[in-house]
Amino acid sequence: METELNQWVAAEKQQLASIMLEYGIEWEQKGTHEKHLSLLDFEKKERAKEVAALEAQKAGLDEHNVTMQEVNEKWLDQLENIEKETFSAQENREEADKQAE
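A few points on the structure. Bear in mind that the values here come from a model prediction, so they are computed numbers and not experimental data.

### Looking at the overall build of the protein
Stage number 1. Within the protein, the secondary structure is distributed over two helices and zero strands.
Stage number 2. Principal-axis analysis of the C-alpha atoms gives the protein an extent of 110 × 40 × 10 Å.
Stage number 3. Residue burial in the protein is summarised as follows: out of 101 residues, 2% are buried.
Stage number 4. Counting every atom, the protein has about 9900 Å² of accessible surface; 54% of that belongs to carbon and sulfur.
Stage number 5. Both charge centroids of the protein, one from 12 positive and one from 25 negative side chains, sit 5 Å from each other.

### Side note on the packing of aromatic side chains
Stage number 1. Applying the stated criterion to the full structure yields zero aromatic pairs.
Stage number 2. The ring of tryptophan 75 has lysine 74 sitting right over it, with the charged end atom 5.6 Å from the ring centre.

How each quantity is defined
- Residues numbered from 1 in each chain as written.
- Predicted model: local features only at pLDDT ≥ 70, side-chain atom pairs only at ≥ 80, totals over all residues.
- Heavy atoms only, no water.
- Helix = DSSP H or I, 4+ residues; strand = E, 2+ residues; numbered from the N terminus.
- Buried < 20%, exposed > 50% of the residue type's maximum accessible area, 1.4 Å probe, protein only.
- Areas by Shrake-Rupley, 256 points an atom, 1.4 Å probe, with all protein chains shown as cover.
- Lys, Arg positive; Asp, Glu negative; His and termini not counted.
- Charge placed at Lys NZ, Arg CZ, Asp CG, Glu CD.
- Phe/Tyr/Trp six-rings, centres within 6.5 Å; stacked < 30°, edge-to-face > 60°.
- Lys NZ or Arg CZ within 6 Å of the ring centre and 35° of its normal.

Laid out in structure tokens, this is it:
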């Protein structure tokens, strides 16, 4: 892929870097340029990103589900206790009604 255009671009970048150094400016080479991908490879890469995002979302939802399950169990326990108290209060009331008669 060393075409004349690529060689010229590289030479211009090198020249620009040396001019910047003369003025005390450092050029941070990030190396972010990626080679061109075929359509299939690009689609694979994009799907991999989508899968990673969906897996992260699933993990978050799983955590949320566990939290909600714990909250549900807590409320269910409280509801059972209230039902027991209500039943006990009804029995006490019925006994008190019998004694009152």
